[in-house]
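Architecture and fold: a report
Letter by letter, the chains look like this.
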Amino acid sequence: MFAVDLVRARLLEHVKKVAEAGNPQAVLDAIDQYAHSQEFFMNVGDDKGKILLQEMDKLPAPPKAVLELGTYCGYSTILLAAHLKDPSAKVYTIDICEENVEIAKQMIAHAGLTERVVHVVKPLDQAVQELRAALKSQKADCFEVVFIDHEKSVYLSDLQLLVKEQLIKEGSVVVADNLKIPGAPEYVKWMKQQSDFSFEQHSVCMGPSALWLHDIIGVSVYKPVTAAA
């Protein structure tokens, strides 16, 4: 087993030991406590997580379908799923690493949110038809919220694919983590040049386990410019 797998296994063991089953906030708190005091994790964390949820709350209606690119240990999946207000809404989370998905499934199950989450274990470009079917089943026109937190080199190409395939539409909120550490410079440069997206960057301290470094989380709203008649 690789070292990273051992770290995630220790995290899962800790969560199951200290967090009340069926309590999403207790699971998130246990992950945060472990990350702050024992081993650093590149999960979104509590401070950046607040920004993500605030953007969800700005939508005119509770989302029916949320898309997450990058499941990792399941922290942000739990955060998003626990915040869904529509009783039929779901989080669709994509990750190509089966080990990530297995850990995340156990985390999500311990949080009591299995029925709120759909796992897609393939790259986005191979999942388009599956996501279209998901939107149809949810009676949703698009993914109203997208959280990007996977391989940084494909942030931009995956977002462009979502636009091309109309999986996001006007008003969709796109939140991208780790724009500074480790960074996604092509994504940031592209966003700054766009008229179809608003773009705000929020600097957030990652705490003592990350040597008090500041990362940046980006918030965008898709506002396509209609061609003049």
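Heads up: these notes are all about the structure in this document. Because the structure is predicted, anything quoted here is derived from the model rather than measured.

1. Side note on the overall build of the protein chain
- A count of helices and strands for the protein chain gives nine helices and seven strands.
- For a compact globule of 229 residues, the expected C-alpha radius of gyration is about 17 Å, and the protein chain comes in at 17 Å, within 12% of that figure.
- Each of the three principal axes of the protein chain carries a C-alpha extent, and together these read 60 × 40 × 30 Å.
- Scored against the burial criterion, the 229 residues of the protein chain give a buried share of 54%.
- A separation threshold of at least 6 residues defines the contact pool for the protein chain, and within that pool the share at least 24 residues apart is 72%.
- In the form shown here, the protein chain has an accessible surface area of approximately 11100 Å², with 54% of it arising from carbon and sulfur atoms.

2. Things to note about unusual backbone geometry
- With an omega dihedral of 0°, the bond running from Ile 181 to Pro 182 counts as a cis peptide bond.
- For Pro 182, the position within the fold is in helix H8 (residues 179-183).
- Located in the positive-phi region is Asn 178, a residue other than glycine, with phi close to 60°.
- Relative to the helices and strands, Asn 178 resides in the loop between strand S5 (173-176) and H8.

3. With respect to the pattern of salt bridges
- All told, the structure shown has eight salt bridges when counted by the stated rule.
- Taking the shortest distance from any N to any O, the salt bridge between Lys 48 and Asp 215 comes out at 2.9 Å. Here the residue Lys 48 occupies a position in helix H3 (residues 45-57), and Asp 215 occupies one in strand S7 (residues 214-221), the gap between them amounting to 167 residues.
- Through salt bridges with shared partners, one network takes in Lys 48, Asp 177 and Asp 215.

4. Topic: the sheet that holds S5
- Read from one edge to the other, the open sheet built from seven strands follows the order S3-S2-S1-S4-S5-S7-S6, with strand pairing classed as mixed. Of all the strands in the sheet, just strand S3 (117-120) and strand S6 (200-205) have a single pairing partner and so form its edges. Neighbouring strand axes in the sheet, compared pairwise and without regard to direction, differ in orientation by 20° on average.
- Inspection of the sheet shows S6 paired to S7 by six bridges, in the antiparallel sense. Paired with Ser 203 across the bridge in S7 is Ile 216.

5. Quick look at the packing of H3 against helix H4 (residues 75-82)
- Interaxial distance between H3 and H4 falls to 11 Å at its minimum, and their mutual angle equals 35°. Pair H3 / H4 crosses with right-handed handedness. Where H3 abuts H4, its residues Gly 45, Asp 46, Gly 49, Leu 52, Leu 53 and Met 56 lie against Tyr 75, Leu 79 and Leu 80.
- Looking at side-chain class alone, the contact of H3 with H4 contains six nonpolar, two polar and one charged residues.

6. Re the pairing of S5
- Alternating residues of S5 divide into Val 173 and Val 175 and Val 174 and Ala 176, and every residue in both groups is buried.
- The sheet contact formed by strand S4 (residues 145-148) and S5 spans four bridges and is parallel. Bridging from a neighbouring strand, Phe 147 pairs with Val 175 of S5.
- Taking the sense of rotation as the criterion, the β-α-β connection linking S4, helix H7 (residues 155-164) and S5 turns out right-handed.

7. With respect to the environment of Ile 51
- Along the chain, the position of Ile 51 falls in helix H3.
- Separated by 77 residues in sequence, Ile 51 and Val 128 have C-alpha atoms that sit 27 Å apart.
- Beyond its immediate sequence surroundings of up to four residues, Ile 51 is in contact with His 202, Val 204, Ile 217 and Val 219.

Rules and cut-offs
Residues numbered from 1 in each chain as written. Predicted model: local features only at pLDDT ≥ 70, side-chain atom pairs only at ≥ 80, totals over all residues. Heavy atoms only, no water. Helix = DSSP H or I, 4+ residues; strand = E, 2+ residues; numbered from the N terminus. Rg over C-alpha atoms; globule rule 2.2 N^0.38 Å. Buried < 20%, exposed > 50% of the residue type's maximum accessible area, 1.4 Å probe, protein only. Contact = heavy atoms within 4.5 Å. Areas by Shrake-Rupley, 256 points an atom, 1.4 Å probe, with all protein chains shown as cover. Salt bridge = Lys/Arg side-chain N within 4 Å of Asp/Glu carboxyl O. Pairing = 2+ DSSP bridges. Axes fitted to C-alpha atoms, helices over the stretch in contact; angles between N-to-C directions. Left-handed = near helix turned anticlockwise from the far one by under 90°. Nonpolar A, V, L, I, M, F, W, Y, C, P; charged D, E, K, R; others polar. Right-handed = clockwise from strand over helix to strand, strands pointing away.

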